[in-house]
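If you want the building blocks of each chain, they are given just below.
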Amino acid sequence: MNKSYFNLYTHSLSKAISETEVNTFQGRKLTTPLGFDELCALSKEVQKNEGQQFIVGNGASAGIANHMALDWTKNGKVKTHSFANAPMLTALGNDLGFDDAFSSVLDWYGSTNDLLISISSSGNSPNILNAIKMARKKGMQVVTFSGLKPDNQSRGLGDLNFYIKAKTYGIVECAHQALMHCWLDQFMGIEEWEIDAHQNMRQTPLEV
């Protein structure tokens, strides 16, 4: 392999994605394809029961949460929310404390038909861990996406846990974004390798 920075970086990213580790709350290890099958099944249950998905993350993970909440609601037809907007987070952080910024909203809106998805590169952010605890209290299902150290706290707290075996934030964050799209595209039945035309998410064709 040509050892240019670009080739080494993209090889590391591809390796991180392909070696994603999945385990259940009970510690049972799953193959990554089976993990995604079960993840999609959780979303189908949410949709069937008219529940909601909540995606939480900090920093870059908050950006992923915002992006995927919109895509799930608009394209996947599953009501999905992210709390990553500045007015909400600054108000909750100021009034209730940042560690409870996510858990407080889940306490207000979460129910037993809902699903929490946490995205945390370290897996150790206090507000993420508190959100998971609140989701459990509300009877919600929980899915975690984490990376970096293999013994991070959130990795064992979800019904499904997706762990990226990488040492740097950039690789973990990029891998998480790819996995998030894989989840939604599998749910929607989108197959890049099978289609000839380019995807158009507009309800009406673009005017020329």
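Residues numbered from 1 in each chain as written. Predicted model: local features only at pLDDT ≥ 70, side-chain atom pairs only at ≥ 80, totals over all residues. Heavy atoms only, no water.

Asks: So what's going on with the packing of aromatic side chains? Residues and values would help.
Replies: Per the counting criterion, the structure on display carries seven aromatic pairs. For the pair Tyr5 and Tyr9, a centre-to-centre distance of 6.0 Å together with 25 degrees between the ring planes defines the contact as stacked. On the criterion of helical spacing, the pair formed by Tyr5 and Tyr9 is a turn pair, its members being four residues apart in helix 1 (residues 5-18). Connected via pairs of aromatic rings, a cluster forms that spans Phe36, Phe145 and Phe162. (Phe/Tyr/Trp six-rings, centres within 6.5 Å; stacked < 30°, edge-to-face > 60°. Helix = DSSP H or I, 4+ residues; strand = E, 2+ residues; numbered from the N terminus.)

Asks: Please provide a residue-by-residue account of the sheet that holds strand 6 (residues 141-147), values included.
Replies: One open sheet holds the seven strands; their spatial order is 2-1-7-6-5-3-4, and the pairing between them is mixed. Looking at the sheet topology across the chains shown, the edges are occupied by strand 2 (29-30) and strand 4 (80-82). Against the sheet, helix 7 (residues 169-188) engages strand 3 (53-57), strand 5 (115-119), strand 6 and strand 7 (160-164), with an angle of about 145 degrees to strand 6. (Pairing = 2+ DSSP bridges. Contact = heavy atoms within 4.5 Å. Axes fitted to C-alpha atoms, helices over the stretch in contact; angles between N-to-C directions.)

Asks: Tell me about the pattern of salt bridges, and name the residues and values.
Replies: Going through the model one piece at a time under the given rule, you end up with six salt bridges. In this structure, Lys15 engages Glu19 in a salt bridge whose closest nitrogen and oxygen atoms are separated by 3.2 Å. Judged by relative accessible area, Lys15 falls into the partly exposed class, the value being 42%. One salt bridge connects Glu21 with Arg155, and the closest N-O pair in it is separated by 2.5 Å. On the criterion of sequence distance, the pair formed by Glu21 in strand 1 (residues 21-24) and Arg155 in the loop between strand 6 and strand 7 is long-range, its members being 134 residues apart. Looking at Glu21, the relative accessible area reads 28%, which means it is partly exposed. You can call Arg155 buried: its relative accessible area is 15%. Residues joined in a network through salt bridges with shared partners are Lys15, Glu19, Glu21, Arg155 and Lys165. (Salt bridge = Lys/Arg side-chain N within 4 Å of Asp/Glu carboxyl O. Buried < 20%, exposed > 50% of the residue type's maximum accessible area, 1.4 Å probe, protein only.)

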